Amino acid sequence: MNANTMTIAQARDALRAREISAVDLTMSCLTAIDASDALNAFVHRTPEIALDQARAADARLAAGDAPGLCGIPLGIKDVFCTKGVASQAGSNILRGFKPEYESTVTTKLFADGAVMLGKLNMDEFAMGSSNESSCYGPAVNPWKVDEVLRTPGGSSGGSAAAVAADLCLGATGTDTGGSIRQPAAFTGITGIKPTYGRVSRWGVIAYASSLDQAGPMTKTVRDAAIMLRSMSGHDPMDSTSADLAVPDFEAALTGDIRGQKIGIPREYRIDGIPAEIAKLWSDGADMLRGAGAQIVDISLPHAKYALPTYYVIAPAEASSNLARYDGVRYGHRASLAAGDGITEMYEKTRASGFGPEVQRRIMVGTYVLSAGFYDAYYNRARRVRALIKRDFELAFADGIDTILAPATPSSAFGLGEMGASDPVEMYLNDVFTVTLNLAGLPGVAVPVGLDKKGLPMGLQLIGQPWAEGALLNHAYALERAAGFVSKPHKWW
Ligand code: GLN
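These lines cover the structure that appears in this document, whether it is placed above or below.

### A short note on a nonpolar patch on the surface
- Side chains of Val328, Ile342 and Tyr346 sit close together on the surface and give an oily, nonpolar patch of about 270 Å² of accessible area.
- Tracing the sequence through the fold places Val328 in the loop between α9 (306–321) and α10 (342–353).
- The exposure class assigned to Val328 is partly exposed, which follows from its relative accessible area of 47%.

Now the structure itself:
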């Protein structure tokens, strides 16, 4: 078996038993990455850093001092600031930007012994559901079932493609409205968006600060539990990070869900949902019932407003966050003509540095925050957001432990197929994922089956706040019942 195909848990055990070295494991990932250029998953490679970290990990393993992720090679989404290493968030405006500091998440992962293989492709500033808004061009879905090149999803498309294709053992992602869960579902892997505040946002290039949350993307639920523990924890550098102890999420994976109440929200039965997704959903409910859970119909009456609410709040926050890219402080500055002043410098830099989707979001966000429209759009969206959150609180107060829903309204679509004439078509992809970001809740996507084309499909479990352990245990029970073992085309 090629070492790069291992799960994190398998590699951890093999490293500790000294059956494999961290350097060999890292080399096998670096070789796979080099042979998989066609996936366009890694956009900055850091083999020297990786091998240095792997050698240090081997020394710690030899000394019997091996923390949680000691020697485990990971990919890092380009949205995380990594000291001295290009961190562009998929945008031309950050071309050449090498941060002076390390994000809290990567600091924690490195302290836990992880190895960084490089930076992963993503939609520009994490705005998108297909990775097609990236300045590096789209990442490609490793599931190649015919001649069509498909999206790995977005915005964490590079992370999903890299993990699914065994280029790394796990990857970081971020999820503002689905960017961990949708790409996980499109590529047959697992991804969890934790409770808002569980993971520090310090050093994560901001999209929409009240929604952004980082999390792991991995081959199995167990790996997600292991990696999430390393990424989590209070950080004084992020005022929204929660001062709560981080439980051992892996220890929660008993697989025993007998007597647990799992809610099926009727509002998620939307028109036009493909029969295969509807069937996957009811099959998933049957699997959980078979494992001893009680399946209950529930109502989340405001869920139908989640998408328009999200597409007001997220652009509003983005327009404010992205004001800092002015050609003065970071990365790209447009070349100026004689006589151009500071206004022309801002305008030309922003017009040439931001891609069309980001420009659209900035304009929408500025509009909904403008004096004349603030109440009609932004304030109303904030009020609806509170109602959406309340729906979940009522369901949980009624004794529901987790909620089961589809992760996406389809399997992976072809590159260039979606949103070309109408951007809203792409936004509709997020119909099942944005709700829980608005409510701040944790959600996990688990691969459950293949559609008739042979593409993976995933289901989503939504948990109570701060109950990632229980949520992952439910995901573990679903993973075991589904027995999803299919792998994509081998690229290396
Ligand atoms: N697709 C959604 C958007 O474009 C979500 C992206 C994300 O979670 N970062 O905003």
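### Re helix α11 (residues 356–369)
- Its 14 residues place the ends of α11 20 Å apart at the C-alpha level, agreeing with the 20 Å of an ideal helix rising 1.5 Å per residue.
- Along α11, the positions that sit buried rather than exposed are Glu357, Val358, Arg361, Ile362, Gly365 and Val368. Buried residues along α11 cover an arc of 140 degrees about the axis, so they all sit on one side. Counted as exposed and oriented over 90 degrees from the buried face of α11: Pro356 and Met363.
- Structurally, α11 contributes buried residues whose contacts are with α9, α10, α12 (374–397) and α13 (423–427).

### Section: the packing of α9 against α11
- At a closest axis distance of 7 Å, the pairing of α9 and α11 adopts a crossing angle of 100 degrees. One element, α9, and the other, α11, form an angle in the roughly perpendicular class. Across from Tyr311, Val312, Pro315, Ala316 and Ser319 in α9, the residues of α11 making contact are Arg361, Ile362, Val364, Gly365, Thr366, Val368 and Leu369.
- Taken together, the residues of the contact of α9 with α11 sort by class into eight nonpolar, three polar and one charged.

### Description of the pattern of salt bridges
- In the structure shown here, the tally under the stated rule is 26 salt bridges.
- Of the charged contacts in the structure, one is a salt bridge between Asp283 and Lys279, with a shortest N-O distance of 2.9 Å. Residue Asp283 and its partner Lys279 are both found in helix α8 (residues 275–290); the two are separated by four residues, about one turn of the helix.
- Each of Arg12, Asp13, Arg222 and Glu250 takes part in salt bridges that share partners, so that together they form one network.

Each value, and the rule that gives it
- Residues numbered from 1 in each chain as written.
- Predicted model: local features only at pLDDT ≥ 70, side-chain atom pairs only at ≥ 80, totals over all residues.
- Heavy atoms only, no water.
- Patch = residues over 30% accessible without salt bridge, like charges linked within 9 Å, V, L, I, M, F, W, Y side chains within 5 Å.
- Areas by Shrake-Rupley, 256 points an atom, 1.4 Å probe, with all protein chains shown as cover.
- Salt bridge = Lys/Arg side-chain N within 4 Å of Asp/Glu carboxyl O.
- Helix = DSSP H or I, 4+ residues; strand = E, 2+ residues; numbered from the N terminus.
- Buried < 20%, exposed > 50% of the residue type's maximum accessible area, 1.4 Å probe, protein only.
- Expected span 1.5 Å × (residues − 1).
- Arc of directions from axis to C-beta.
- Contact = heavy atoms within 4.5 Å.
- Axes fitted to C-alpha atoms, helices over the stretch in contact; angles between N-to-C directions.
- Parallel < 35°, antiparallel > 145°, perpendicular 65-115°, else oblique.
- Nonpolar A, V, L, I, M, F, W, Y, C, P; charged D, E, K, R; others polar.

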